[in-house]
Amino acid sequence: MKSPDLCGKIISGCVEKSAVPVTVKIRAGWDKSSVNCVEIAKIAEEAGASAICVHARTREQLYEPSANWSYIKAVKDAVKIPVVGNGDIFCAEDAVNMMEYTCCDSVMVGRGALGNPFIFDEIKHRLQGKPYTPPDIFERIQVAKEHISMLVSEKGEKVGICEARKHVSWYIKGIPSAAIARRSVNFATTLDEMFDILDGLASE
Ligand SMILES: Cc1cc2nc3c(=O)[nH]c(=O)nc-3n(C[C@H](O)[C@H](O)[C@H](O)COP(=O)(O)O)c2cc1C
């Protein structure tokens, strides 16, 4: 965001060498005194990007305050390539509100998917006008177990379980007795221990 010319060169270089469409993700700007997402989006389009995603905060803001979706709207008004809106989508309602307000073509979800990968299905149903049934406790736990298993097979039990702790805590948020289980999760070191904790929650 600080070097628009370089940004253009990087994107056109990628587009030239890539066999697949190149998409670009940007922020609103570096800080509030240098908001330049519209300028960068136009450069990206000119450089051959196939779509652009805008996280509607500056780099300096990190996650506070809440995302300012008007930046996404401004980019949407300025380019012809598809625009993906990003920032503060935690449920289907948020996605619909963002799409209505900014006219963006699709949305990207970050933190809202942590422990809740079901959010994509929820949003999809909502956009298609279909009724949505949220996962019950058993499905949530089943998906959490699949997630941990994949982490362990990818990274080994020691690292996988360590990383799984935060994910499991997110998955079980809102489940009765989750507070007690969360403490055990933080001491679990094996896949079996994690599974026992999760199965215990499902059987309550
Ligand atoms: C676990 C996690 C990993 C992320 N990794 C990246 C990344 O590699 N590159 C990136 O541009 N943004 C990354 N982000 C930022 C998100 O893509 C997104 O822009 C930001 O979280 C705002 O969206 P949200 O409000 O839906 O969380 C990450 C976010 C999270 C939560």
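As the structure is a computational prediction, the values presented were derived from the model and not from experiment.

Once that is clear, we can look at the environment of H167. As for its placement among the helices and strands, H167 is situated in helix α7 (residues 157-171). You can call H167 buried: its relative accessible area is 16%. Distance from H167 to K80, taken between C-alpha atoms, is 38 Å for residues 87 residues apart in sequence. Residues within four places of H167 in sequence aside, it is in contact with L114, G115, H147 and L151.

Let us now look at the nonpolar core. Formed by 30 residues in total, the largest nonpolar core has its most connected members in I52, I72, V75 and V83. Elements with a contribution of two residues or more to this core: α1 (4-17), β1 (23-29), α2 (37-46), β2 (51-58), α3 (70-78), α4 (92-102) and α5 (119-127). When neighbours within four sequence positions are excluded, V83 is seen to be in contact with I52, V54, I72, V75, K76, C104, D105 and S106.

Along its sequence, the chain is organised into domain 1 (4-127) and domain 2 (137-202). Computed from C-alpha coordinates alone, the two centres of domain 1 and domain 2 are separated by 32 Å. Counting residues at the interface gives 4 residues for domain 1, matched by 6 residues for domain 2. Between domain 1 and domain 2, the buried area comes to about 440 Å², and carbon and sulfur atoms account for 82% of it. Viewed at the interface, domain 2 and domain 1 are joined by 0 salt bridges. Summed over the shared surface of domain 1 and domain 2, the result is 0 residue pairs in polar contact (both at pLDDT 80 or more). Looking at side-chain class alone, the side of domain 1 that touches domain 2 contains 3 nonpolar, 1 polar and no charged residues.

Moving on, we get to unusual backbone geometry. Residues E64 and P65 are joined by a peptide bond in cis, for which omega reads -10°. Here P65 lies in the loop between β2 and α3. Despite not being glycine, L62 shows a phi value in the positive range, around 50°. Tracing the backbone through its elements, the reader meets L62 in the loop between β2 and α3. A positive phi angle, close to 65°, is found at C103, a residue other than glycine. Positionally, C103 belongs in the loop between α4 and β4 (106-108).

What counts, and at which threshold
- Residues numbered from 1 in each chain as written.
- Predicted model: local features only at pLDDT ≥ 70, side-chain atom pairs only at ≥ 80, totals over all residues.
- Heavy atoms only, no water.
- Helix = DSSP H or I, 4+ residues; strand = E, 2+ residues; numbered from the N terminus.
- Buried < 20%, exposed > 50% of the residue type's maximum accessible area, 1.4 Å probe, protein only.
- Contact = heavy atoms within 4.5 Å.
- Core = buried A, V, L, I, M, F, W, Y, C linked by side-chain atoms within 4.5 Å.
- Domains from an automatic or database assignment.
- Buried area = accessible area lost by both parts, 1.4 Å probe.
- Salt bridge = Lys/Arg side-chain N within 4 Å of Asp/Glu carboxyl O.
- Polar contact = N/O pair within 3.5 Å; in protein donor to acceptor, adjacent residues only side chain to side chain.
- Nonpolar A, V, L, I, M, F, W, Y, C, P; charged D, E, K, R; others polar.

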